[in-house]
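# Coordinates in review
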Amino acid sequence: MVSRRKALTLAGVGVAGAAGVAATAAVLSGGGESATAADTAADGIAFYGEHQAGIVTPAQDRLHFVAFDVITKDRADLIELLQKWTAAAARMTAGHDAGVIGAVSGIAEAPPDDTGEALGLPPSGLTLTIGFGPSLFRTADGVDRFGLAARRPAALDDLPAFRGDALKPELSGGDLCIQACANDPQVAVHAIRNLARIGFGKVTVRYSQLGFGRTSSTSRTQATARNLMGFKDGTNNLKAEDGELLTEHLWATGPDGAEWMAGGSYLVTRKIRMVIETWDRTSLGEQEAIIGRNKGEGAPLGHAKEFDKIDFSRPGADGRPAIPMDSHVRLAHPEQNGGVRLLRRGYNFVDGSDGLGRLDAGLFFMAYQRDPRKQFVPVQRSLAKSDTLNEYIRHESSAVWACPPGVSGPQDFWGRALFT
Amino acid sequence: MRKHLLVPAALLGLTAFGLTGCGKDEPASTGADGPIAVTASDSACEIARAESAAGTVSFKISNTGSKVNEFYIYASGDRVMGEKENILPGVPVELHVELPAGTYEAACKPGMVGDGIRSKFTVTGSAAPLTADQKLADATTSYQRYVKSQTDTLLVKTEEFVNAVKAGDVAKAKALFPVARTYWERIEPVAEIFGDLDPKIDGREDVVAEGMAFTGFHRIEKDLWTTGDISKDGPIADQLLTDVKEIVAKANAEKLSPLQLANGAKELLDEVATGKITGEEDRYSHTDLWDFAANVEGSKAAIAALRPALEERSPDLVTKLDAAFKAVETTLGKHRAGDGWKLHNQLSQAELKELSDVINALAEPISQVAGAIK
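Residues numbered from 1 in each chain as written. Chains lettered and ligands numbered in written order. Predicted model: local features only at pLDDT ≥ 70, side-chain atom pairs only at ≥ 80, totals over all residues. Heavy atoms only, no water.

## Let's talk about the overall build of chain A
As a reminder of what qualifies: In this description a helix means any DSSP run of H or I spanning at least four residues, a strand means any run of E spanning at least two, and both kinds are numbered starting from the N terminus. Here the globule rule is a power law, 2.2 Å times the number of residues to the power 0.38, and the radius of gyration is based on C-alpha atoms. Each residue gets one of three labels from its accessible area relative to the maximum for its type: buried under 20%, exposed over 50%, partly exposed in between, using a 1.4 Å probe on protein chains only. Should any heavy atoms of two residues lie within 4.5 Å, those residues are counted as being in contact. His is not counted, nor are the chain ends, whereas Lys and Arg count as positive and Asp and Glu as negative. Note that the charge is assigned to NZ on lysines, CZ on arginines, CG on aspartates and CD on glutamates.
Broken down by element type, chain A carries eleven helices and nine strands. In terms of overall size, chain A behaves like a compact globule, its C-alpha atoms giving a radius of gyration of 22 Å where 420 residues would be expected to give roughly 22 Å. With respect to the principal axes defined by its C-alpha atoms, chain A has extents near 75 × 50 × 45 Å. When burial is assessed residue by residue, chain A has 54% of its 420 residues classed as buried. A sequence separation of at least 24 residues applies to 74% of the contacts in chain A between residues at least 6 apart. Between the averaged position of the 45 positive side-chain charges in chain A and that of its 48 negative side-chain charges there is a distance of 2 Å.

Structure follows, in structure tokens:
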């Protein structure tokens, strides 16, 4: 792997860049359908492929997610931006500078086309994944700014209101999103910072979110991580190795309604604030009853091991079901939701404290799926209605995104099929 | 306190050799008819002749209206070839300006706001086109002209402000505060070359942390808007005028290099992004949008001076800059109030974000100018 530092010491930046991309492609050939597990946390993940990286890619440790509003009114400007972004993303995911000149190779009089904080850092498993929000196709006032209204997939519908929603409009929605995941937070932040800079005048940052400590595993090679409530999260997640299930629950197809989304996936993002202090005062028994799993092993209540097949009818000591009827695991389980699955890819967040001496913390929930109307929406309806966990959480933001299929090579760009 | 990287042109080994014959005391050579008469009222701008021969062209401007007026000769891209500010009703003034053959615009600005009332002004005759290097050298001369015109009015307006403060006229002083600052903010990068004077004139309360006294515009601003008691501000006002006089003399003796102009244009937008959008600059009076507009005008003037050179080297960049300046002007224009601007605390967060977005959109291409003219 050619690191930024090594690339810089080679004679020509352009030559080094091409060599780096080739090296990455060779090492990581076959990235696409299957998850491409990098050998180490420092390695690169292939950018080009049938699907966008950053979905079934084994979840990296860190997140920087950003939502943009498009401010240009010019369709050609938007397309040009997507092309520039794609080129910069291909370079950065391979461990190179954002621009062709680089952070330190330009003339002294001009600002560098890379901000420099990732100099010397390896690719660190960086993936960059783009999504398009419903408002890109038609604004809330019904304006079709870019001639895209007719191309909006039916599955890309604004999410309905759910009981208990405490959404902040300024943290919700958006025209475009980019999810940057990496094993080094500096690499993820560097990527978003440079993409935002390339976008000045065409897009404006609506909100962004840093996350750490992945709360889901997206591959059987990964152990299940814990969320800030201290419980394992994502035991029953869709995983990279799930072949058939991915086809059924994750990847959109042309016949689903939008040809340009074939091979893409829909992403739901929800910022879920946890009322940490109240949760921490709750007894262990009550915490476990609310979640429906024990806290140590993560086994369903009444069961021995984390991955035991759940028997929801198994009685507990008092004769009632061991997994309470209003517990989180029961309400969210595919068995209780017509078999629908989600690929969750959320991250913990702590945005400092809230001015009242409480941690401003929680889960930035992210879930990929084939059709939110059939997957996220019914599950969330059920949770919003009955989940006892609701007393300890608050949904503060909400958005839905159409993430197009992967970029096939240097001649292709993010969303090309939508714009041509 | 920010450290500024501007270095006087002489230190960079650059010598500007500007156009000759634009000294202000030279006799007009507009021909037998004498100066071209300009009649400026509150709603019209009548120019006796819309054309002239190349060379020094003289105008005699009479303000027949009730508002204070300004008169400009613009080249393409609003490059100021010559201007007179602060034209009072009933007091005719003359403007002598060196104009090569070309098409210009003459403009009056009653009330000193907006784009002005414009008309075409044509200059014919033979003038050898400038070479590439001459265009760059001419940029510094052109900008020096701008600094001269701004500092002339800065002196007048600061004196009026100081007199109002010393007379204890709070209402008048409040009205003059953002007006005087306009001329200051337009040329701030030049002023900031003289490091010790800038904090004395324009420092905020935090200068105390560096062991300095809190003086200048913002000290008087605080007294005007918080207690309304300016009875003890006479010495501070006197010192302000002394400091402004000193900086004006130094600024006019300075000739900025093209690179300094480019960086100055960018720094003015940095000022907007860090101090004005946030409302930090005029935290007591909330007149930040006046300073905002002045910074943008100053930035545009610096870019305009470089325009002939830039058009030759990077025409795409010029197109981008024109569009981005227009977007800033349009967005800022929504917040006009009478002859001035709304207060910072009257703008919503969404309106401030919109302003921030257009400044970012302009500042990115402006940051490329220095590299383009190098």
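## Some points on the pattern of salt bridges
Residues and elements named next belong to chain B. Note the cut-off: Every case where a carboxyl oxygen of Asp or Glu lies within 4 Å of a side-chain nitrogen of Lys or Arg is listed as a salt bridge.
Scanning the entire structure with this criterion turns up 49 salt bridges over all chains. The closest approach of N and O atoms between R186 and E85, which form a salt bridge, is 3.6 Å. Placement of R186 in helix α2 (residues 170-186) and of E85 in strand β6 (residues 79-87) is noted, with a sequence separation of 101 residues between them. Judged by relative accessible area, which is 9%, E85 ranks as buried. For E271, the salt bridge is made with K276, and the minimal N-O distance between the two is 3.4 Å.

## A word on the sheet that holds strand β1 (residues 36-40) of chain B
Residue and element names in this part refer to chain B. Note the following rule: Note: two strands are recorded as paired if DSSP finds a minimum of 2 bridges between them. Each axis is a line fitted through C-alpha atoms, and for a helix only the stretch in contact is used; angles between axes span 0 to 180 degrees, taken between their N-to-C directions.
Pairing in this open sheet of four strands is mixed, and the strands run β2-β1-β4-β7 from one edge to the other. Two strands bound the open sheet, and with one partner strand each, they are β2 (45-47) and β7 (93-99). For this sheet, the mean angle separating the axes of adjacent strands, direction not counted, is 25 degrees. Judged from the five bridges that link them, β1 and strand β4 (residues 55-63) form a sheet pairing that is parallel. When the sheet's bridge partners are listed, T39 is paired in β4 with S62.

## Details of α2 of chain B
Working note: α-helix, 3.6 residues per turn, so residues spaced by three or four point in the same direction. All names here are of chain B. The test is simple: Expected span of a helix: the number of residues minus one, times 1.5 Å.
Given a rise of 1.5 Å per residue, 17 residues ought to cover 24 Å, and the 25 Å separating the end C-alpha atoms of α2 matches this to within 8%. The buried count for α2 comes to twelve of 17 residues, which makes it a mostly enclosed element. For α2, the full list of buried residues reads A173, L176, F177, P178, V179, A180, R181, T182, Y183, W184, E185 and R186.

## Description of the interface of chain B and chain A
Rules: A 1.4 Å probe defines the accessible area here, and the buried area is the portion of it lost by two parts on being joined, summed over both. Polar contacts here mean pairs of N or O atoms no more than 3.5 Å apart (in protein, one a potential hydrogen donor and the other a potential acceptor; neighbouring residues in sequence count only if both atoms are side-chain atoms). Residues were grouped as follows: Ala, Val, Leu, Ile, Met, Phe, Trp, Tyr, Cys and Pro as nonpolar; Asp, Glu, Lys and Arg as charged; and all remaining residues, including Gly, as polar.
Across the contact, eleven residues belong to chain B and eleven residues belong to chain A. Contact between chain B and chain A buries roughly 920 Å² in total, counting both sides, with carbon and sulfur atoms accounting for 59%. Taken together, the links from chain B to chain A amount to one salt bridge. At the surface where chain B touches chain A, the tally comes to four residue pairs in polar contact (both at pLDDT 80 or more). Broken down by secondary-structure element, the contributors of at least two residues to the side of chain B that touches chain A are α10 (349-366) and α11 (369-373) of chain B. No other element matches α10 of chain B, which puts five residues into the side of chain B that touches chain A. Here the side of chain B that touches chain A is composed, by residue class, of three nonpolar, four polar and four charged.

## Re the nonpolar core
Applied cut-off: Side-chain atoms within 4.5 Å link the members of a nonpolar core, which is a set of buried Ala, Val, Leu, Ile, Met, Phe, Trp, Tyr and Cys residues.
Membership of the largest hydrophobic core comes to 74 residues, with the highest contact counts inside it found for Y143, F161 and F292 of chain B. Per-element accounting of this core gives the leading share, twelve residues, to helix α8 (residues 288-313) of chain B. Residues within four places of F292 of chain B in sequence aside, it is in contact with V272, K276, I277, V328, L332, L355 and I359 of chain B. Grouped together as the second largest cluster of nonpolar side chains are 69 residues, L128, L195, M261 and F419 of chain A included.

## A closer look at the state of the cysteines
For the record, the criterion: Cysteine sulfur atoms that pair up within 2.5 Å are treated as a disulfide.
In this structure the tally under the stated criterion is one disulfide over all chains. The disulfide partner of C45 of chain B is C108 of chain B, and the S-S distance across this bridge is 1.9 Å. Negative torsions about the S-S bond denote left-handed disulfides, and the value of about 60 degrees found for C45 of chain B with C108 of chain B makes this one right-handed. Highlighted residues: C45 of chain B in strand β2 and C108 of chain B in strand β8 (residues 102-108), separated in sequence by 63 residues. Overall, C108 of chain B belongs to the buried group, its relative accessible area being 0%. C177 of chain A supplies the cysteine sulfur nearest to C181 of chain A, a cysteine that is in no disulfide, at a spacing of 11 Å. Between C403 of chain A, a free cysteine, and C177 of chain A, which holds the nearest cysteine sulfur, the sulfur-to-sulfur gap is 5.3 Å.

## As for helix α9 (residues 315-333) of chain B
All names here are of chain B. For clarity, the cut-off: The directions considered for the arc run from the helix axis to the C-beta atoms.
Taking 1.5 Å of rise per residue, 19 residues should cover 27 Å, and α9 covers 27 Å from first to last C-alpha, within 8% of that figure. Within the span of α9, buried status applies to L317, V318, L321, A324, F325, V328, T331 and L332. The arc that holds the buried residues of α9, viewed along the axis, is 160 degrees, so those residues lie on one side. Of the exposed residues in α9, those oriented more than 90 degrees away from the buried face are D316, T319, K326 and T330. At its buried positions, α9 is contacted by α8, β10 (336-337), β11 (340-341), α10 and α11.

## Points about the packing of helix α7 (residues 258-276) of chain B against α8 of chain B
Residues and elements named next belong to chain B. Applied cut-off: Working rule for angles: under 35 degrees goes down as roughly parallel, over 145 as roughly antiparallel, 65 to 115 as roughly perpendicular, anything else as oblique. Left-handed describes a crossing whose near helix is turned anticlockwise from the far helix by less than a right angle; the clockwise case is right-handed.
Running from N to C, α7 and α8 point in directions that differ by 160 degrees, and their axes come no closer than 9 Å. Put simply, α7 runs roughly antiparallel to α8. Crossing handedness for the pair α7 and α8: left-handed. Facing α7, whose interface residues are P258, L261, A262, A265, L268, L269, E271, V272, G275 and K276, α8 presents D288, D291, F292, N295, V296, G298, S299, A302, I303, A305 and L306. When its residues are assigned to classes, the contact of α7 with α8 shows 13 nonpolar, four polar and four charged.

## With respect to the domain arrangement of chain B
Residues and elements named next belong to chain B. The test is simple: Boundary definitions for the domains trace back to an automatic or database domain assignment.
You can read the domains of chain B as domain 1 (31-129) and domain 2 (136-373). The gap between the C-alpha centroids of domain 1 and domain 2 is 25 Å. Facing the 15 residues of domain 1 at the interface are 19 residues of domain 2. Roughly 1,400 Å² of surface becomes buried between domain 1 and domain 2 when both sides are summed, with 43% attributable to carbon and sulfur atoms. Taken as a group, R79, E85 and N86 account for 36% of the area that domain 1 buries against domain 2, more than any other trio of residues on that side.

## Quick word on the packing of aromatic side chains
Pairs of aromatic rings are described using the distance from one ring centre to the other and the angle between the two planes. Residues and elements named next belong to chain B. For the record, the criterion: Any two of the Phe, Tyr and Trp rings considered here, Trp counted by its six-membered ring, make a pair once their centres fall within 6.5 Å; the pair's planes then place it as stacked at under 30 degrees, edge-to-face at over 60, or tilted in between. Whether a charge lies above a ring is judged from NZ of Lys or CZ of Arg, which has to be within 6 Å of the ring centre and within 35 degrees of the ring normal.
Applying the stated criterion to the full structure yields 19 aromatic pairs over all chains. Taken together, F161, F177, F217 and W225 form an aromatic cluster joined through their ring pairs. We note K109 situated over the ring of Y72; from NZ or CZ to the ring centre the distance is 4.4 Å.

## Brief notes about the sheet that holds β8 of chain B
All names here are of chain B. A sheet is described by the order of its strands in space; here five strands give the open sequence β3-β9-β8-β5-β6, paired in mixed fashion. Of all strands in the sheet, those bounded by a partner on one side alone are β3 (51-53) and β6. Put simply, the sheet's adjacent strands are angled 20 degrees from each other on average, direction ignored. Where β8 lies against strand β9 (residues 117-124), seven bridges are found, and the strand directions are antiparallel.

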